[in-house]
Amino acid sequence: MAAIARFQFLQPYPISKPSAFFSKFLQSSPSFSSFSSIKPCRIHFRKFSVTSPLCSSSCSDSIPECPESSESSTSIVGDLLDYLNESWTQFHATAEAKRQLIAAGFHLLKENEKWDLQPGGRYFFTRNMSSLVAFAIGKKYSIGNGFHVIAAHTDSPCLKLKPKSASTKSGYLMVNVQTYGGGLWHTWFDRDLSVAGRVILRADDGSFLHRLVKITRPLLRVPTLAIHLNRTVNQDGFKPNLETHLIPLLATKTENATADSTEKSNVSSSKDVHHQLLLKILSDELSCKIEDIVSVELNICDTQPSCLGGANNEFIFSGRLDNLASSFCGLRALVDSCALPEDLSNENSIRMIALFDNEEVGSDSCQGAGAPTMFEAMRRITDCLSHQSAGETDFARAIRHSFLVSADMAHGVHPNFIDKHEEHHRPELQKGLVIKHNANQRYATSGITSFLFKEVARLHSLPTQDFVVRNDMGCGSTIGPILAAGVGIRTVDCGIAQLSMHSVREICGKEDVDIAYKHFKAFYQSFSSIDRKLNVD
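- An unreviewed UniProt entry lists the protein chain under the name aspartyl aminopeptidase, from Solanum commersonii.
- Among the UniProt annotations of the protein chain, the heading Cofactor (unreviewed entry) holds the following wording: "Zn(2+)".
- What UniProt records for the protein chain under Catalytic activity (unreviewed entry) is the sentence "Release of an N-terminal aspartate or glutamate from a peptide, with a preference for aspartate."

Given below as structure tokens:
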């Protein structure tokens, strides 16, 4: 999937007939067999940079370089598409971030072990394999200096399997699901769906293993009711009952299929509460026995790959843009801001990224922003670098010097619903990061934090936009106010403008991704010097 997405992300390169690479691509891909008689046409190629420490393994060395330019692209959009296609769930997003950080030279820490940190070092840890904190310590850091943080979240609205998912109706094997977050659930109908998440396996020695799983082929579908049986749907609207109508089909029932779990009693193992057929598919993917699967935590996922779209390939079409686009831009910015040894040589603060789970349902969990994960990490870092338990004054001074960027996607103005936006605050795609304001503190932005973050953009010639919700409409929120109130850290809420938020398939602008990355990277590299110029208290 990532290869298809990357093939699409290309520069103009006119040729008179299909290249050897493209012909080979068509011949080797069954889904493209219908193109065997393709006529000569204009094919587009783009050269990708493979020097970045975050370059995905899906980068193809066989893609020919454009002869008109010897410079590698500085865009991260191709890598974002790879990240999105890898990250079907919050678990996979965290695992992929972990892989990329290790490849970039960051050291993995364990929360339940002692830490040994040094100025100039780069470190990270994960929690629940669905949240992550990474940081790079400036070589000139001294106790009491601040943390410069970008925070985002790894979860997105989706369907999740119920603890007892197996059911049978009218000869169909069905999979019972529960809704997670505030999704546009009508968009999940008639999509090619599958499952992904994590399982717990029993090993031969009696221990238990944590494994991630992703079934990439279409496995499930939630069919809509035919128009002939619901003739008023276009006039009255599509209003499905989320308990009875939003149940995916798995297969037609066979004589040896597992019976409906509701007909069983005293069930305890996973094979009793989930269809045997589903467990067989999982066990084949994991190369294990069905009886070794002792627990599953699975999301329903759309199998259509993330890709570029629009007449000029200027859009990104994908699920989970909210908020994996922000997560990846922040992650990439942190890594690239300290990729070389000299990048931290003059830094007197600590650069950090925090990716949390469960934002879509309020953040009140062990792995959510409501937990003290990030602030406990800050205190531990302060303690380690002071080689003793830092005093309350030291940590308090560090917080006062710190700054948090809460990065979550923003509502771009919808061309068919312009009146849903306040007249003078209509963020557009391809126009830069959106600074979110709300007088009732649904966003944590203040006049000071907005100015400082915009000053970063001004010094690097990057555009920004402002958003305020209409007074006659409700306002969403983010992890910004939660974290800001936790210990009183200065916070700005911002995000990339997008359309179709919380749909199974969302849209954002390709240029905005690169602008966000550059803005976040500039924040890491220049905020220390900017902050010293403004003294409020």
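That covers the picture; the talk isn't over yet.
### Examining the sheet that holds strand S14 (residues 315-318)
Moving on, step 1. The 5 strands lie next to each other as S13-S14-S22-S21-S17, forming an open sheet whose pairing is mixed. Edge positions in the open sheet fall to strand S13 (307-309) and strand S17 (410-411), since each of these has one partner strand only.
Moving on, step 2. Sheet analysis places S13 next to S14, joined by 3 bridges and oriented antiparallel. Bridge pairing in S14 places Gly-309 opposite Phe-315.
Moving on, step 3. Relative to S14, helix H3 (residues 77-86) is tilted by about 5°, and along the sheet it contacts S13 and S14.
Moving on, step 4. Strand contacts of helix H13 (residues 510-531): S13, S14, strand S21 (497-499) and strand S22 (506-509), with the helix running at about 65° to S22, the strand carrying the most contacts.

### Re the side chain of Ser-450
Moving on, step 1. Along the chain, Ser-450 turns up in helix H11 (residues 447-459).
Moving on, step 2. In this view, Ser-450 contacts Ile-435, His-437, Thr-445 and Val-492; residues no more than four positions away in its chain are not counted.

### What about a nonpolar patch on the surface?
Moving on, step 1. Side chains of Ile-448, Phe-451, Leu-534 and Val-536 sit close together on the surface and give an oily, nonpolar patch of about 320 Å² of accessible area.
Moving on, step 2. As for its position among the elements, Val-536 is in the segment after H13.

### Remarks on the pattern of salt bridges
Moving on, step 1. Under the criterion given, the structure shown has 18 salt bridges.
Moving on, step 2. Its salt-bridge partner being Arg-127, residue Glu-111 comes within 2.8 Å of it at the nearest N-O pair. Of the two residues, Glu-111 is situated in the loop between strand S3 (107-108) and strand S4 (122-127) and Arg-127 in strand S4; the sequence distance between them amounts to 16 residues.
Moving on, step 3. Arg-127 gets classed as buried once you look at its relative accessible area, which sits at 14%.
Moving on, step 4. The shortest N-O distance in the salt bridge between Asp-336 and Arg-332 comes to 2.9 Å. A residue pair is termed a helical-turn pair when its members lie 3 or 4 positions apart in one helix, as Asp-336 and Arg-332 do in helix H8 (residues 321-337) at 4 residues. Note on accessibility: Asp-336 and Arg-332 belong to one class, buried.
Moving on, step 5. A single network of salt bridges, built from pairs that share partners, joins Asp-79, Arg-332 and Asp-336.

Reading guide: rules and limits
Residues numbered from 1 in each chain as written. Predicted model: local features only at pLDDT ≥ 70, side-chain atom pairs only at ≥ 80, totals over all residues. Heavy atoms only, no water. UniProt positions renumbered as here; feature names shortened; annotations may be inferred. Pairing = 2+ DSSP bridges. Helix = DSSP H or I, 4+ residues; strand = E, 2+ residues; numbered from the N terminus. Contact = heavy atoms within 4.5 Å. Axes fitted to C-alpha atoms, helices over the stretch in contact; angles between N-to-C directions. Patch = residues over 30% accessible without salt bridge, like charges linked within 9 Å, V, L, I, M, F, W, Y side chains within 5 Å. Areas by Shrake-Rupley, 256 points an atom, 1.4 Å probe, with all protein chains shown as cover. Salt bridge = Lys/Arg side-chain N within 4 Å of Asp/Glu carboxyl O. Buried < 20%, exposed > 50% of the residue type's maximum accessible area, 1.4 Å probe, protein only.

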